[in-house]
Amino acid sequence: MSRHPSQILLSGVAALLLVASSLPGSALAAQRPRSIADKDEKVNEGLDPAPADLDRSTPARSWAVLARSCKESRPQLGVHVLNLGDVPLADRRVLGPVLAQQLCDVLRATGKVDVSGLDDSALGPLVDERPANYVVVETLDLPSGPEDLWLRRIHDEVTNQHLWLLTKQTVSSIPSWYRALVTREMAARPALESLDPGLGARPADLAVDSPRALVAKLASLCRDGEYGQAAFLLDLSALAKDQQAEQGPVLARRLALVLKRLRPTGFSGISNDPAGAPERDVAVDEEVVARATLGEREVPLKLARYPRTAGPPAWLVSAETTSAIDEVYGTLGYGFAGDHLPAFFFEWAAAGVQLWQWLGLVVALLLSLLVGAGAGPVAQRVLAKLASKTRWEWDDELVEAMKGPLAAAFTLVLFLGLCVPLALAEGPYQVVLACAKIVALVAGGWLVLRLIDVSGAALTVFFKGRNDDLATAMVPVFRKVLKPVAAALVFVVVLQNMGLNVAGLLAGLGIGGIAIALAGKSTLENLFGSLAIAFDRPFKIGEFVKVGDFIGTVEEVGLRSTRIRTLDRTLVSIPNGQMADAKVENFARRDRFKVLVTLGLEYGVKVDQLKLVVDDLKKLLLKHPKVNQDGFSVRFVGYGDHSQDIEIFCYVEAPGFDAFTGIREELLFEFGRIVERAGASFAFPTQTVLQAPAPKADAKLAESALAEVERRQKAGELCIPEITEEARKAARRTG
């Protein structure tokens, strides 16, 4: 396409202006980019990759790509010639092609889609034998004056190539060019000089030319306490003229505090271009500097560009945003403190917490501690009066144990309540909540430890009332075990809430626990032995037992060992691990006692006398009230070396060993009388050599015994070899 001579002349003039702009002291140097080195950037991150054959290595070739995209209506191609660095990353894929299409429409409307006459070298135009890195490709005639389209040389970090792209400033101006030259929309905003008459004469130095300069100026004035001057940066047209002077400074102060909270890192992300940055669903002469979330609704805080009767347009806070400041401040502001404290209280900050908030936290903590220390005992006394009206004692001890945890609870609740007016940011507030949770866990663990003590005391009283000495002795054992376990659980939960890797810690403790278990094997064995004794209950305190070679009375069951008082009155400590594995013979829990006696009678005793003795012995056991009738035995068992032996076996029912020995003694006396009545005598357990004739048995008693045996045998009363039914009936009648 051939260019008109006037266009060639205009391009030449533009090139001369580019050279002139780089000269020191030039008046145009302040309006045009200086000749600087090309910049390293990640070009158009977020877009689809550029076609492999796309050539953007020279000004002429980059402009040819744009011209081709306009001719073929391919904005997805032309977008790769735009530098979208000021466009939000999330909007580039959608907004980039729109901007490329709008630029094509602008160029068609002005007839300036021409690729001839541009530099086709990779370095572009030279200034003082150095690359300028900028070139003007077209100049647009706008109602507000001529504006240039600039290409700039950029080094792409991703592809490691040098590319020529339309500058960010040019891209930011596309929407306003489109509105002025294509849609012919005229700005409906009033001139800057006519705004806010209630504030008085507008200072000339408050006409800022970019969004970033506006918010920076607002922050600077509010930081210096110049709220009256800061009010000129707001469109107060929604307020009556007589209210602007009073309400304007308040709104400016509140907006500055809200922006400081919403953008704590500063305003570097806001466009510094006089045309602003293109944004999706935002008017071309507006820019959103922050978005405030109010419940489920989002309120954009916008700046707007206002025309001036003399000079370029200026930026102000839009009237829409000014009207929403009070509502936004009510949710995100600092309340009374934000409206009245000096500005320096909000400027100094550490860890995201401003100076006044730090002071508020200290005051809240001290006040909470003071109130908690007083409210805790008061609440404890009220609960104590209620507990005193019950018939139990454990609730009184429980209330006493709650004294400290109650004070901690009051302190914590009051502190969290006092933190609400401080309007802490999300991060610091979460830290406060995390610390409060840790304190609550510690207080809860403290209460659990106190409850273990109270429960132990109540169980001790309960078991003593039942005379259960072993259970009473085991209560301290369980208390000593449960308290460390509860403390360890609280410690682990606290670490988890602090964000530590509890799983790794537990794994480490597991490895350490194995080592400790190996080193303290006997201690752990005794500990579990005491638990086994508590659950199995093989004996009670005061019972008479036999453990291995030791016989005695159980006096104490401890965490490590059991103490037994032996018959020699010595005190033996047996490790509980051994007690759990040993054979324990509990004499105190016998339901009956065994009596096994062998009566040795002289060989001079006749058989009939033996039968009479055996029969009388059986009848004695049948009639005795303490002899268990389920099974006993009286038998003539044989002829020994020096005696004729009768074996007596029975069980005696007795409440204890002492009572048993008394019954056994009584039975032995009766055994002796039966032998005497039968005219028999006991044999000596020795061998005797008689040199004289042996004494003769009493013939009369022997004849009497013979006659009695014959009588009983005929009457069916002789209990040999077994006890007869007649004898059992007779024993029941006489018993």
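Details of the structure are given in the entry above.
These lines cover the structure that appears in this document, whether it is placed above or below. (Residues numbered from 1 in each chain as written. Predicted model: local features only at pLDDT ≥ 70, side-chain atom pairs only at ≥ 80, totals over all residues. Heavy atoms only, no water.)

### A few points about helix α6 (residues 211-223)
Definition in use: The secondary structure listing takes helices from DSSP runs of H or I that are at least 4 residues long and strands from runs of E that are at least 2 residues long, numbered from the N terminus. The span expected for a helix works out to 1.5 Å for each residue beyond the first. The buried label applies to any residue whose accessible area, calculated with a 1.4 Å probe on protein chains only, is under 20% of its type's maximum; exposed applies above 50%, and partly exposed to all values in between. By definition, the arc is the one covered by directions from the helix axis to the C-beta atoms. For this analysis, residues touch if any pair of their heavy atoms sits within 4.5 Å.
Taking 1.5 Å of rise per residue, the 13 residues of α6 would be expected to cover 18 Å, and the 18 Å separating its terminal C-alpha atoms lies within 8% of that figure. Among all positions in α6, only P211, L214, V215, L218, L221 and C222 are buried. Take α6 and look down its axis: the buried residues cluster within an arc of 130°, on one side only. On its buried side, α6 packs onto α7 (227-230), α8 (241-262), β7 (286-294), β8 (297-306) and β9 (314-317). G225, located one to two residues past α6, shows a positive phi value of around 80°.

### A short note on unusual backbone geometry
For S73, which is not a glycine, the phi torsion comes out positive at approximately 55°. Tracing the chain through its elements places S73 in the loop between α2 (59-71) and α3 (75-78). Even without being a glycine, N133 presents a positive backbone phi close to 65°. Secondary-structure assignment places N133 in the loop between β3 (130-131) and β4 (134-142).

### Remarks on the packing of aromatic side chains
For clarity, the threshold we go by: Stacked, tilted and edge-to-face pairs are distinguished by plane angle, under 30 degrees for stacked and over 60 for edge-to-face with tilted covering the rest, among Phe, Tyr and Trp rings (Trp via its six-membered ring) whose centres lie within 6.5 Å.
Inspection of every chain in the model, using the stated rule, returns nine aromatic pairs. Consider the rings of Y134 and W150, whose centres lie 6.0 Å apart with planes at 80°: the pair is edge-to-face. Of this pair, Y134 sits in strand β4 while W150 sits in strand β5 (residues 145-156), and the two are 16 residues apart along the sequence. When the centroid spacing of 5.5 Å and the interplanar angle of 70° are considered together, the rings of Y334 and W356 count as edge-to-face.

### Quick notes on the sheet that holds strand β16 (residues 584-586)
The condition is simple: DSSP-based pairing: two strands are paired if at least 2 bridges between them are found. Note on geometry: axes are lines fitted to C-alpha atoms, helical ones only across the stretch in contact, with angles between N-to-C directions running from 0 to 180 degrees.
Pairing in this open sheet of five strands is antiparallel, and the strands run β15-β14-β13-β12-β16 from one edge to the other. Single-partner strands in this sheet number two, and they are β15 (571-575) and β16. Neighbouring strand axes in the sheet, compared pairwise and without regard to direction, differ in orientation by 40° on average. Two strands pair when backbone bridges link them, and strand β12 (residues 544-547) and strand β13 (residues 550-557) are joined in this way by four bridges, in the antiparallel orientation. The residue of β13 that forms the bridge with K546 is I551.

### A word on the sheet that holds β7
What links the strands of a sheet is backbone hydrogen bonding, and the strands pair in either a parallel or an antiparallel sense. Reading across the sheet, the three strands line up as β7-β8-β9 and stay open at both edges, with antiparallel pairing between neighbours. In this open sheet, the two edge strands, each paired with only one partner strand, are β7 and β9. Going from strand to strand, the sheet's axes swing by 25° on average, the running direction of each strand aside. Relative to β8, β7 runs antiparallel, the two sharing eight bridges. Residue pairing in the sheet places E286 in a bridge with A304 of β8. Along the sheet, α8 makes contact with β7, β8 and β9, crossing β7 at roughly 80°.

### Here we look at empty space enclosed by the protein
As a reminder, the rule being used: Buried and open spaces are told apart on a 1 Å grid over the protein atoms alone, a cavity being a set of points where a 1.4 Å probe fits but cannot get out and a pocket being an open set with protein on both sides within 12 Å along at least five of seven lines. Residues with an atom within 4 Å of a point are the lining residues. Grid points are joined across faces, edges and corners, and a volume is the space filled by probe spheres set on the points. Any residue outside Ala, Val, Leu, Ile, Met, Phe, Trp, Tyr, Cys, Pro, Asp, Glu, Lys and Arg is labelled polar, Gly included; the first ten of those are nonpolar and the last four are charged.
Inspection of the entire model under this criterion finds two cavities of 30 Å³ or more. In this structure, the second largest cavity occupies an estimated 40 Å³ of space. Around the second largest cavity, the lining residues are L214, V215, L218, L255, L259, V289, L301, L303, V317 and T321. At the level of secondary structure, the elements contributing two or more residues to the lining of the second largest cavity comprise α6, α8 and β8. At three residues, α6 tops the list of elements feeding residues into the lining of the second largest cavity. For the lining of the second largest cavity, the class distribution of residues is nine nonpolar, one polar and no charged.

### A short note on the side chain of R254
Heads up, the rule is: Here a polar contact is recorded for every N or O atom pair within 3.5 Å, except that within protein the pair must consist of a potential hydrogen donor and a potential acceptor, and residues adjacent in sequence are included only if both atoms are side-chain atoms.
One can find R254 in helix α8. Within the structure, R254 has its side chain in polar contact with the side chain of D339 (distance 2.6 Å). Here R254 is in contact with I325, D326, Y329 and D339, once residues within four sequence places are set aside.

### Things to note about the nonpolar core
Selection rule: Throughout this description, the term nonpolar core refers to a set of buried Ala, Val, Leu, Ile, Met, Phe, Trp, Tyr and Cys residues connected via side-chain atoms within 4.5 Å.
If you look at the biggest cluster of nonpolar residues, it comprises 53 residues, and the most contacted ones within it are L218, L234, L255, L259, L301 and V328. Per element, the largest residue contribution to this core is seven residues, and it comes from α8. Apart from the residues within four sequence positions on either side, V328 is in contact with V258, A292, L294, V299, L301 and G333. Membership of the second largest hydrophobic core comes to 37 residues, among which are L601, V634, I648 and A731.

### Thoughts on the pairing of strand β14 (residues 561-566)
Two strands pair when backbone bridges link them, and β13 and β14 are joined in this way by five bridges, in the antiparallel orientation. Residue T553 lies in a different strand from β14, and its bridge partner there is R565. When β14 meets β15, the two strands line up antiparallel, connected through five bridges. Each residue of the ladder has a partner; that of S561, found in β15, is P575. Where β14 folds back onto β15 in an antiparallel hairpin, the turn is made up of four residues, including R569, whose phi is positive at roughly 70°.

What is shown is where atoms sit, not what they do.
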